[in-house]
Amino acid sequence: MNPRRLVILGATGSIGRSTLKVVRENPSLYQVHCLTGNRNSSRMAELVHEFKPRYVVMNDASAASQLKQQINGQCDVLDSSDALIDAACSPDADIVMAAIVGGAGLRPTLAAVRAGKTVLLANKEALVMTGLLLMQEAKKSGATILPVDSEHNAMFQCLPQEVQTNLGFCDLKASGVSKLLLTGSGGPFRTLALDKLKDVSVAQAIHHPNWSMGPKISVDSATMMNKGLEYIEAKRLYHTSRAELEVIIHPQSVIHSMVQYCDGSVLAQLGEPDMATPIACAMAYPQRISSGVEPLDFLALKELTFAAPDYQRYPCLKLAIDACYTSQFATTALNAANEVAVQAFLENQLKFTDIAVVVESCLAQLNEQNRQLELEDLLALDEQIRQVAAQYVRKRC
Ligand code: NAD
Ligand code: MG
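Residues numbered from 1 in each chain as written. Chains lettered and ligands numbered in written order. Predicted model: local features only at pLDDT ≥ 70, side-chain atom pairs only at ≥ 80, totals over all residues. Heavy atoms only, no water.

Engineer: Sorry, what's going on with the packing of aromatic side chains here?
Structural biologist: How two aromatic rings sit relative to each other is given by the distance of their centres and the angle of their planes. Inspection of the entire model under this criterion finds four aromatic pairs. With a centroid separation of 5.0 Å and 65 degrees between ring planes, the pair formed by Phe-156 and Tyr-285 is classed as edge-to-face. Here Tyr-285 lies in the loop between α13 (276-284) and α14 (315-326) and Phe-156 lies in helix α8 (residues 150-158), a separation of 129 residues in the sequence. For Tyr-285, a relative accessible area of 22% puts it in the partly exposed group. Consider the rings of Phe-189 and Phe-352, whose centres lie 5.2 Å apart with planes at 80 degrees: the pair is edge-to-face. With Phe-189 in the loop between β8 (177-184) and α10 (202-205) and Phe-352 in the loop between α15 (328-346) and α16 (354-365), this pair connects stretches of sequence that are 163 residues apart. For Phe-352, a relative accessible area of 6% gives the class buried. Following the ring pairs from residue to residue traces out a cluster consisting of Phe-189, Phe-345 and Phe-352. Geometry around Phe-169 places Lys-139 over its ring, the cationic atom sitting 4.3 Å from the centre. (Phe/Tyr/Trp six-rings, centres within 6.5 Å; stacked < 30°, edge-to-face > 60°. Helix = DSSP H or I, 4+ residues; strand = E, 2+ residues; numbered from the N terminus. Buried < 20%, exposed > 50% of the residue type's maximum accessible area, 1.4 Å probe, protein only. Lys NZ or Arg CZ within 6 Å of the ring centre and 35° of its normal.)

Written as structure tokens, this is what we have:
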């Protein structure tokens, strides 16, 4: 069988690294067609040497020219935003890993979906920003969306085939599913005294107890906005009602999510906290391939514990769940405000606890009048809320 040709959007990041780890494990099954990155030319140069892509796209023009010098003509290097879109819908690619972080990933992810690709969806923000529109585009083009986020991939594995093949439009009840249980570790501040939260440092916030991830999602995990975004992601992928989706704190991150059936059965997906497992599952679906991840050692597990989330500790989670039931505009605005606030926190311009304050203030300003559920309206709202959020950040620093 010919190797499947792979494009990785966001190849220099954490998900990009785990995807290439799976490629390394299965060299005869995948051929790296194109890699994209932002500014990290040295990391990209290493990837070019090892994986020999046909071409590379860098978002930053000076990083692209540095890379050209570093790789000495080994492959083409492009740097325009059109090139990024072209990479996402390249006719020579079979699978597209959508792993750019944040709203920057939306246009290329959407382009891959519109081109009818098999899209491995790590960029949850794209789905939070556009929701139903993205799922409708996939239906129209015949694209296959496969969830990479570990929780959604876990649910996917525990759900029947008729759900797996009808994402966005499935009927859980008709398939005997009563509830999806979305698990989350609670992040690094699960037991910290509440009055200490305002003083936590960036280094503390990005040090996740179980997972190694990029800086933005690590902060989102500490505020549990990540679980909120995942809540919205799960609702869009699995078409859940309010009663069919619940967040449960599970500090050990051994169970990656569960599906409860109407007969009382609960199916769970377990494993080491390593993204190579869900990535390999999505890359090979419906087959299975090696991910290079160690098998779970049950005898070394001490305990599996569960708790309800505390919204006083995690106000961002509550804001996200509420936005999910307000409107698509509310989730688009939530995501935009959060991205600006998290970036400000990472740059030491905002206190950790002010992330929720900025998001809440932006949502309170939301005016949905005259907005249609069209991509252009969502993008305009995204832009507008980013500016409003930046003003709130300036007021608080
Ligand atoms: P990261 O910060 O480690 O990597 C981000 C990638 O996006 C890099 O390759 C970077 O070069 C690229 N990028 C950043 N800004 C860009 C821009 N403006 N234009 C083009 N490219 C740009 O992030 P990550 O942790 O790998 O997360 C990537 C996505 O996957 C996020 O949406 C995240 O929520 C999701 N995700 C990550 C994990 C994880 O374990 N890391 C788990 C589940 C979901
Ligand atoms: Mg996740």
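Engineer: Even after reading the chapter, I still don't get the sheet that holds strand β4 (residues 76-78), so can you show me in this structure?
Structural biologist: Either a parallel or an antiparallel arrangement is found when strands of a sheet pair, and the pairing is made through backbone hydrogen bonds. Judged by pairing direction, the sheet is parallel, and its seven strands sit side by side in the order β4-β3-β2-β1-β5-β6-β7 without closing on themselves. With one partner strand each, in any of the chains shown, β4 and β7 (144-147) form the two edges of the open sheet. Within this sheet the neighbouring strands show an average axis-to-axis angle of 20 degrees, counted without direction. Two strands pair when backbone bridges link them, and strand β2 (residues 30-37) and strand β3 (residues 55-58) are joined in this way by four bridges, in the parallel orientation. Note on β3: the bridge partner recorded for Thr-36 is Val-57. Along the sheet, helix α3 (residues 61-71) makes contact with β3 and β4, crossing β4 at roughly 170 degrees. (Pairing = 2+ DSSP bridges. Axes fitted to C-alpha atoms, helices over the stretch in contact; angles between N-to-C directions. Contact = heavy atoms within 4.5 Å.)

Engineer: Just to check I follow, could you spell out the side chain of Glu-125 for this structure?
Structural biologist: Relative to the helices and strands, Glu-125 resides in helix α6 (residues 124-130). Here Glu-125 falls in the buried class, since its relative accessible area comes to 5%. Among the polar contacts made by the side chain of Glu-125, one reaches the main-chain amide nitrogen of Gly-102 at a distance of 3.4 Å. Of the polar contacts made by the side chain of Glu-125, one reaches the side chain of Lys-216; its length is 2.9 Å. Residues contacting Glu-125, with those up to four places away along its chain left out, are Val-101, Gly-102, Gly-103, Lys-216, Asn-335 and Glu-339. (Polar contact = N/O pair within 3.5 Å; in protein donor to acceptor, adjacent residues only side chain to side chain.)

Engineer: Mind showing me how you'd approach unusual backbone geometry here?
Structural biologist: Phi is mostly negative for residues that are not glycine, and the peptide bonds are mostly trans. With an omega of 5 degrees, the peptide bond running from Tyr-285 to Pro-286 counts as cis. Its identity is not glycine, yet Lys-52 carries a phi of approximately 45 degrees, on the positive side. Looking at the element boundaries, Lys-52 is found in the loop between α2 (41-51) and β3. A positive phi angle, close to 50 degrees, is found at Asn-72, a residue other than glycine. With respect to the element layout, Asn-72 can be found in the loop between α3 and β4.

Engineer: Looking at this model, I keep getting lost on the pattern of salt bridges. Mind explaining?
Structural biologist: Side chains that differ in charge, positive against negative, can pair when their charged atoms come close. Here the structure, examined in full by the defined rule, presents 16 salt bridges. For Lys-21, the salt bridge is made with Asp-274, and the minimal N-O distance between the two is 2.8 Å. Note that Lys-21 is positioned in helix α1 (residues 14-25) and Asp-274 in the loop between β11 (266-270) and α13, a separation of 253 residues in sequence. A salt bridge links Arg-386 to Glu-339, with the shortest nitrogen-to-oxygen separation between them at 3.1 Å. Placement of Arg-386 in helix α17 (residues 375-396) and of Glu-339 in helix α15 is noted, with a sequence separation of 47 residues between them. One exposure class covers both Arg-386 and Glu-339, and it is buried. Each of Lys-124, Asp-149, Glu-151, Lys-227 and Glu-230 takes part in a single network of salt bridges with overlapping partners. (Salt bridge = Lys/Arg side-chain N within 4 Å of Asp/Glu carboxyl O.)

Engineer: I keep staring at the domain arrangement of the protein and nothing clicks. Help me out?
Structural biologist: Quite often, the size of an interface is put as the accessible area lost when its parts meet. Taken as a whole, the protein is organised into domain 1 (4-147), domain 2 (151-312) and domain 3 (326-397). Its C-alpha centre places domain 2 at a distance of 25 Å from the equivalent point of domain 3. Across the boundary between the two partners, domain 2 contributes 19 residues, which contact 15 residues of domain 3. Surface buried jointly by domain 2 and domain 3 totals about 1,400 Å² across both partners, of which 76% is contributed by carbon and sulfur atoms. (Domains from an automatic or database assignment. Buried area = accessible area lost by both parts, 1.4 Å probe.)

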